[in-house]
Amino acid sequence: MSACPTEKSKSKFCNFRTEKWNYDMTTKDIKSEIQKSLDKVPESVLKDILEFLKQVENQPIEKVNLTRNLRDILLEDKELLERLAR
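Summing up its helical and strand segments, the protein chain has five helices and zero strands in all. Counting from the amino terminus, helix and strand elements in the protein chain follow one another as α-α-α-α-α. Across the 86 residues in the protein chain, those meeting the buried criterion constitute 13%. Within the protein chain, counting contacts between residues at least 6 apart in sequence, those at least 24 apart form 44% of the total. In the form shown here, the protein chain has an accessible surface area of approximately 7600 Å², with 56% of it arising from carbon and sulfur atoms.

Quick look at the structure:
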């Protein structure tokens, strides 16, 4: 999986992934980065994050991977989808 669906993508998600995400990180490193991010997230969002994590942990890995792939496709084709919506 590439760091970002397209080079010209402008989403914060992609910028985060290309600038900070390292696929060679250990599980401990990833959890540490998650904790750092959680410490910066507004309290009002924490419940949503917890609900999301609970949903993901109860899903089979195939469904999680499908969701991730769909998200990547939507991010990649965001500009096209916006043009089509007009």
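What follows is about the pattern of salt bridges. What the rule picks out here adds up to three salt bridges. Close ionic contact of lysine 36 with glutamate 33 constitutes a salt bridge, the shortest N to O distance being 3.2 Å. Of this pair, lysine 36 and glutamate 33 are both found in helix α2 (residues 27-40), three residues apart, which corresponds to roughly one turn of the helix. The exposure class of glutamate 33 is partly exposed, given its relative accessible area of 37%. The partner of lysine 54 in a salt bridge is glutamate 57, with the nearest N and O atoms 3.8 Å apart. On the criterion of helical spacing, the pair formed by lysine 54 and glutamate 57 is a turn pair, its members being three residues apart in helix α3 (residues 43-57). A residue is classified by how much of its surface remains accessible, and lysine 54, at 43% relative accessible area, is partly exposed. Residue class for glutamate 57 comes out exposed when judged on its relative accessible area of 53%.

So, about a nonpolar patch on the surface. Taken together, the side chains of Leu70, Ile73, Leu74, Leu80, Leu81 and Leu84 define a hydrophobic patch exposed on the protein surface, amounting to about 560 Å² of accessible area. Those elements that provide at least two residues to the nonpolar patch are α4 (61-76) and α5 (78-85). The exposure class of leucine 80 is partly exposed, given its relative accessible area of 38%.

The next point concerns the confidence of the model for the protein chain. Model confidence for the protein chain is summarised by a mean pLDDT of 77, while 73% of its residues fall at 70 or above. Mean pLDDT across the elements of the protein chain bottoms out in helix α1 (residues 12-19) (46) and peaks in α2 (93). Low pLDDT, under 50, characterises residues 1-19; the predicted model gives this stretch 31 contacts beyond four residues in sequence or across chains.

Criteria and thresholds
- Residues numbered from 1 in each chain as written.
- Predicted model: local features only at pLDDT ≥ 70, side-chain atom pairs only at ≥ 80, totals over all residues.
- Heavy atoms only, no water.
- Helix = DSSP H or I, 4+ residues; strand = E, 2+ residues; numbered from the N terminus.
- Buried < 20%, exposed > 50% of the residue type's maximum accessible area, 1.4 Å probe, protein only.
- Contact = heavy atoms within 4.5 Å.
- Areas by Shrake-Rupley, 256 points an atom, 1.4 Å probe, with all protein chains shown as cover.
- Salt bridge = Lys/Arg side-chain N within 4 Å of Asp/Glu carboxyl O.
- Patch = residues over 30% accessible without salt bridge, like charges linked within 9 Å, V, L, I, M, F, W, Y side chains within 5 Å.
- pLDDT = per-residue confidence, 0-100.

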